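So the chains spell out like this:
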Amino acid sequence: MRRQLLPALLMTVVLTVLTGIAYPLLVTGVSQIAFKHRANGSLVEVSGKPVGSSLLGQGFTGVKYFHPRPSAAGEGYDGLASGASNLGPSNPDLLKTIKGRIAAYRDDNGVAVGIEVPVDAVTASASGLDSGISVANARLQATRVATARGWPLHDVLAAVTRHTQDRQWGFLGEKVVNVLALNLDLDRGR
Amino acid sequence: MTTAAWLQLGFLISALAISTPLLGSYMARVYGGGKAPGDRLFLPVERVIYRICRVDPDREQRWNIYAYSLLAFSAVSVIVLYLQLRLQQHLPLNPDHLVGVPSALSFNTAVSFLTNTNWQNYAGESTMTYLTQMAGLVLHNFVSAAAGAGVAVALIRGLLRRRSDTLGNFWADLTRTTTRVLLPLAFAGAMVLVSQGVVQNFHATKVVTTVEGRHQSIPGGAIASQEAIKNVGQNGGGPYNANAAHPFENPNPITNVFILWMILAIPFALPFTFGKLAGDRKQGYVVLAAMVGLWLVGALIAMPMEARGSPRLTALGADQKVTALQSGGNMEGKESRFGAVGCGLFADSTTGTSTGSINCAHDSMTPIGGAVPLVNIMLGEVTPGGTGSGLYGMLIFALTAVFIAGLMVGRTPEYLGKKIQAAEMKLVVIYLLAVPLVILAFAGASIVMTTPLHSLANHGPHGLTEMVYAFTSQGNNNGSAFGGLAGNTNWFNTTGGIAMLVGRFFLMIPALAIAGSLGRKQPVPASAGTFPTGTPLFAGLLVGVIVIVVGLTYFPVVALGPITEHLIGRY
């Protein structure tokens with residue numbers, strides 16, 4: 001076995017250089033030339049200043065904005081603490097939290113008690129950085145946003161439709177509304 | 001399940017059906033010993049590597065020398081990684097000024113990446129420097145997969161060679177797998193990922209002021225390059241804590257299905273390689289059929305279970321129905337762009353292989369939906385398994401299956417003309433028992449002690465599942481988790497590290513020893529009494545052996561965990 005140690009050490013060094021240094025640097029080099037915007041985090045700018053990434057959700061609490069899903073990342077949408085609640089489906093803490101969120105969602109959006117609340121609006125995502133919400137969730141929030149902005153409802157609903165991303169290629173994944181893009185669109189005015 | 005969900009599954013299967021023969025034939029030429037495609041490009045690079053490392057790639061090794069090379073390489077590279085983790089604050093590429101990793105966590109992490117497990121008791125974005133990620137962890141993402149492929153190829157050679165003492169050369173198998181299989185696939189995969197929005201830079205974390213005036217940290221890193229090899233090599237260790245649920249690792253449904261393909265491509269192609277090298281494709285198809293069958297069953301349980309949602313939430317007033325306006329289902333711990341079915345398919349694939357990357361929180365899945373990944377891992381990750389480890393795992397099960405068939409008819413069992421005798425079966429038993437022993441012992445000990453229980457996020461039957469999942473995942477070198485368990489304690493770092501080492505080397509060494517023993521034998525010609533191993537009947541027997549011999553070992557604990565939770569919660 002001792003005779004194998006020198007090749008083992010040399011192999012570790014050589015393969016580190018090849019796969020651990022040359023390979024990521026090559027990918028970085030090509031990416032920075034070919035896909036500069038995306039390789040750097042798909043940043044969204046408003047009047048020259050970055051306000052977030054089009055791929056990452058961010059917290060919105062104001063009445064005139066659409067709200068994202070609940071987040072378990074740090075205090076909510078913390079880019080350095082991505083993660084899920086990891087609570088099991090029967091966990092009493094989870095059920096209590098969701099019960100509270102359903103009541104708050106109904107309060108905020110004037111949803112009658114008999115009406116069910118879309119599940120994505122009251123559950124935390126896996127990353128805590130989910131950028132999307134369901135169309136059902138967006139539609140229920142639209143009345144509040146329209147009232148707060150003094151807009152006709154159909155203008156807000158039209159904006160929701162504009163920022164609804166269909167399933168990719170028609171069948172991959174799920175239909176989602178990008179909350180950041182939608183809110184920025186609303187801020188640009190009618 | 002919706003039509004779209006069926007189409008997504010069908011699309012993935014079609015992509016794999018195309019890649020399996022192409023990649024399988026290519027790998028057969030890489031390992032076959034003759035000329036291989038791309039020799040003009042790869043041979044000069046490999047010659048330089050061999051010369052620097054002072055190895056002779058044509059020098060054939062006996063099984064024990066092959067194993068010594070594997071162990072020496074593992075020992076040296078794990079020590080180097082451990083030192084990198086401990087000393088990372090003194091090394092370059094640390095724009096966020098992260099500190100050195102504590103000793104117990106460094107031990108667990110170094111072993112975790114050495115053994116292709118990628119269990120993570122840390123959050124990448126706040127613990128590991130860019131250099132640690134790319135030069136330390138990515139290296140092991142490549143070589144742990146390559147070493148697995150080496151053992152599988154050595155076992156194939158043992159089955160096919162006649163009266164031969166040798167099984168090939170470890171250094172050559174390691175190098176050729178890295179240069180010819182993993183690097184090209186990873187590079188191409190990384191470029192696809194970046195084109196869709198996976199980040200690839202060396203910026204420090206960027207703090208932006210959000211629309212509502214709050215601050216948000218936007219992390220950077222060489223993510224695409226790591227994401228590609230972490231899936232191509234069935235490693236699974238994400239640069240970010242949320243793994244492939246993080247929008248910067250897996251931004252959209254196209255990358256999601258592409259990652260699924262990367263996870264499954266090599267493991268499904270290797271049985272084809274086996275059939276081709278054996279000169280009898282049916283032998284490969286039988287193994288492939290068993291893999292596909294069990295993988296599909298898992299997907300078809302987990303996908304609808306998650307889409308159905310949780311009756312607890314319906315009772316509270318949440319709408320989980322699948323409609324045109326929402327994907328519905330059990331959405332706790334899931335991403336809206338992948339939905340509940342996207343989680344089920346991913347969870348099945350990442351645990352049928354030894355990957356362990358996740359696009360949803362397994363801990364928050366429904367009891368039966370979450371039992372699918374757990375049982376997949378318990379079955380030894382052979383559906384279709386990791387790079388190499390899936391195939392050698394399946395071949396060991398095939399030996400068990402012919403042995404059991406032989407017992408039934410009272411005839412010495414044969415596989416590919418090689419007599420399976422007491423020496424091989426003793427090694428098979430070590431292979432089969434080492435992992436369940438270590439998993440159940442550590443999980444049992446953790447439950448009767450007081451302190452480890454403080455690490456649980458959930459209690460009752462779900463808490464048991466959480467604990468058992470942790471050791472099952474580490475013992476079988478998967479790396480996915482019921483993430484509620486706070487594993488960064490001395491107890492879990494140490495026991496988990498031991499479980500991972502046992503799960504790697506108590507399987508690899510017996511597999512190599514079996515290869516050595518088989519290689520020395522003279523094949524016996526097939527006769528009327530030979531049990532044919534290239535038939536659908538044998539595929540059925542193989543599935544039966546996996547489910548009965550391996551599955552039953554764990555049945556009591558599965559009954560107490562997810563099945564109890566399902567029944568008392570009326571899911």
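The structure this text deals with has already been given above.
Residues numbered from 1 in each chain as written. Chains lettered and ligands numbered in written order. Predicted model: local features only at pLDDT ≥ 70, side-chain atom pairs only at ≥ 80, totals over all residues. Heavy atoms only, no water.

Looking at the overall build of chain A
Piece 1. Looking only at helices and strands, chain A features 6 helices and 6 strands.
Piece 2. Reading chain A from its N end, one meets helices and strands in the order α-α-β-β-α-β-β-α-α-β-β-α.
Piece 3. For chain A, the C-alpha radius of gyration of 22 Å lies well beyond 16 Å, the compact-globule estimate for 190 residues.
Piece 4. Each principal axis of the C-alpha distribution contributes one length, and for chain A these read about 75 × 45 × 35 Å.
Piece 5. Residues counted as buried form 54% of the 190 residues belonging to chain A.
Piece 6. Summarising the internal contacts of chain A: among those between residues at least 6 apart in sequence, 55% fall at separations of at least 24.
Piece 7. Looking at chain A as shown, the accessible area adds up to about 8,200 Å², and 59% of this sits on carbon and sulfur atoms.
Piece 8. Considering chain A, the positive charge centre built from 19 side chains and the negative charge centre built from 14 side chains are found 6 Å apart. (Helix = DSSP H or I, 4+ residues; strand = E, 2+ residues; numbered from the N terminus. Rg over C-alpha atoms; globule rule 2.2 N^0.38 Å. Buried < 20%, exposed > 50% of the residue type's maximum accessible area, 1.4 Å probe, protein only. Contact = heavy atoms within 4.5 Å. Areas by Shrake-Rupley, 256 points an atom, 1.4 Å probe, with all protein chains shown as cover. Lys, Arg positive; Asp, Glu negative; His and termini not counted. Charge placed at Lys NZ, Arg CZ, Asp CG, Glu CD.)

Looking at the sheet that holds strand β5 (residues 164-165) of chain A
Sheet strands pair by backbone hydrogen bonding; their relative direction is either parallel or antiparallel.
All names here are of chain A.
Piece 1. With antiparallel pairing, the 3 strands of this open sheet are ordered in space as β4-β6-β5. Edge positions in the sheet fall to β4 (132-133) and β5, since each of these pairs with one other strand and no more.
Piece 2. Two elements, β4 and strand β6 (residues 176-178), share 2 bridges in a ladder whose sense is antiparallel. Bridging from a neighbouring strand, G132 pairs with N178 of β6. (Pairing = 2+ DSSP bridges.)

Topic: the interface of chain B and chain A
Piece 1. At the interface, 117 residues of chain B touch 101 residues of chain A.
Piece 2. Carbon and sulfur atoms supply 66% of the area that chain B and chain A bury against each other, a total of about 8,700 Å² over both sides.
Piece 3. Broken down residue by residue, the surface that chain B buries against chain A is led by V211, L325 and E332 of chain B, which jointly contribute 8%.
Piece 4. Salt-bridge contacts for K321 of chain B lead to E116 of chain A; the nearest nitrogen and oxygen are separated by 3.0 Å.
Piece 5. For the pair chain B and chain A, the interface holds 47 residue pairs in polar contact (both at pLDDT 80 or more).
Piece 6. With 12 residues, helix α7 (residues 170-195) of chain B is the single largest residue contributor to the side of chain B that touches chain A.
Piece 7. A per-class count over the side of chain B that touches chain A returns 60 nonpolar, 42 polar and 15 charged.
Piece 8. Where strand β3 (residues 117-118) of chain A lies against strand β3 (residues 318-319) of chain B, 2 bridges are found, and the strand directions are parallel. Its bridge partner lying in β3 of chain B, P118 of chain A is registered against D319 of chain B. (Buried area = accessible area lost by both parts, 1.4 Å probe. Salt bridge = Lys/Arg side-chain N within 4 Å of Asp/Glu carboxyl O. Polar contact = N/O pair within 3.5 Å; in protein donor to acceptor, adjacent residues only side chain to side chain. Nonpolar A, V, L, I, M, F, W, Y, C, P; charged D, E, K, R; others polar.)

Comments concerning the nonpolar core
Piece 1. Ranked by internal contacts, the top residues of the largest apolar core, which has 159 residues, are Y23 of chain A together with L12, F73, L174, I266 and Y415 of chain B.
Piece 2. Filtering out sequence-adjacent residues up to four positions away, L12 of chain B remains in contact with V257, L260, W261, L264, W295 and L345 of chain B.
Piece 3. Grouped together as the second largest cluster of nonpolar side chains are 21 residues, F60, V145, A146 and W151 of chain A included. (Core = buried A, V, L, I, M, F, W, Y, C linked by side-chain atoms within 4.5 Å.)

Things to note about the packing of aromatic side chains
Piece 1. For the structure on display, the rule yields 17 aromatic pairs over all chains.
Piece 2. A ring pair is formed by W169 of chain A and F11 of chain B, whose centres lie 5.8 Å apart and whose planes are at 75°; its orientation type is edge-to-face. Of this pair, W169 of chain A sits in the loop between β5 and β6 while F11 of chain B sits in helix α1 (residues 3-31), each in a different chain.
Piece 3. Clustering of aromatic rings is evident, with ring pairs tying together Y66, F73, F170 and W171 of chain B.
Piece 4. The aromatic ring of W151 of chain A is capped on one face by R149 of chain A, whose charged end is 5.9 Å from the ring centroid. (Phe/Tyr/Trp six-rings, centres within 6.5 Å; stacked < 30°, edge-to-face > 60°. Lys NZ or Arg CZ within 6 Å of the ring centre and 35° of its normal.)

Focus on the environment of M262 of chain B
Residues and elements named next belong to chain B.
Piece 1. Following the sequence through the fold, M262 ends up in helix α9 (residues 253-278).
Piece 2. The spatial distance from the C-alpha of M262 to the C-alpha of I229 is 8.8 Å, given a sequence separation of 33 residues.
Piece 3. Apart from residues no more than four positions distant in its own chain, M262 is found in contact with G189, L193, A228, N231, V232 and Q234.

A word on the packing of α1 of chain B against helix α10 (residues 281-308) of chain B
All names here are of chain B.
Piece 1. Their axes nearest at 13 Å, the elements α1 and α10 cross at an angle of 165°. The orientation of α1 with respect to α10, classified from their angle, is roughly antiparallel. Every pair of crossing elements has a handedness; the one defined by α1 and α10 is right-handed. Of α10, the residues touching α1 (which contributes A5, W6, L9, L12, I13 and T20) are L288, W295, L296, L300 and M303.
Piece 2. Among the residues making up the contact of α1 with α10, the classes are represented as 10 nonpolar, 1 polar and no charged. (Axes fitted to C-alpha atoms, helices over the stretch in contact; angles between N-to-C directions. Parallel < 35°, antiparallel > 145°, perpendicular 65-115°, else oblique. Left-handed = near helix turned anticlockwise from the far one by under 90°.)

Description of the environment of L182 of chain A
Residues and elements named next belong to chain A.
Piece 1. Locating L182 in the fold gives a position in helix α6 (residues 179-187).
Piece 2. A residue is classified by how much of its surface remains accessible, and L182, at 0% relative accessible area, is buried.
Piece 3. Spatially, the C-alpha atoms of L182 and G132 are 10 Å apart, while their sequence positions differ by 50 residues.
Piece 4. For L182, the contacting residues outside a window of four places in its chain are F66, A159, V160, H163 and V177.

A closer look at a nonpolar patch on the surface
Piece 1. Nonpolar side chains collect at one region of the surface, where L9, V13, V17, I21 and L25 of chain A together with V80 of chain B lie side by side and expose about 450 Å² of accessible area between them.
Piece 2. Ranked by residues supplied to the nonpolar patch, first place goes to helix α1 (residues 5-34) of chain A with 5 residues.
Piece 3. Structurally, V80 of chain B is set in helix α3 (residues 63-86).
Piece 4. With a relative accessible area of 31%, V80 of chain B lands in the partly exposed category. (Patch = residues over 30% accessible without salt bridge, like charges linked within 9 Å, V, L, I, M, F, W, Y side chains within 5 Å.)

Topic: unusual backbone geometry
All names here are of chain B.
Piece 1. Of note, the bond from T383 into P384 is cis; its omega dihedral lies within 30 degrees of zero at 5°.
Piece 2. Its location among the elements puts P384 in the loop between α13 (367-378) and α14 (389-409).
Piece 3. Residue N118 is not a glycine yet carries a positive backbone phi of 65°.
Piece 4. Secondary-structure assignment places N118 in the loop between α4 (103-114) and α5 (124-127).

Points about the state of the cysteines
Residue and element names in this part refer to chain B.
Piece 1. Tallied over the full model, the rule gives 1 disulfide over all chains.
Piece 2. In this model C343 forms its disulfide with C360; the gap between the sulfur atoms is 2.2 Å. The sign of the 60° torsion about the S-S bond sets the C343-C360 disulfide as right-handed. In this pair, C343 sits in helix α12 (residues 339-352) while C360 sits in the loop between α12 and α13, placing the two residues 17 residues apart along the sequence. Neither residue differs from the other here; C343 and C360 are each classed as buried. (Disulfide = S-S within 2.5 Å.)

Topic: the pairing of strand β1 (residues 43-46) of chain A
Residue and element names in this part refer to chain A.
Piece 1. The pairing of β1 with strand β2 (residues 49-53) spans 4 bridges and is antiparallel. When the bridges of β2 are listed, V44 appears paired with G52.
Piece 2. The turn joining β1 and β2, which pair antiparallel and follow one another in sequence, is formed by 2 residues; a positive phi near 40° is taken by S47.

Keep in mind these values describe shape, not function.
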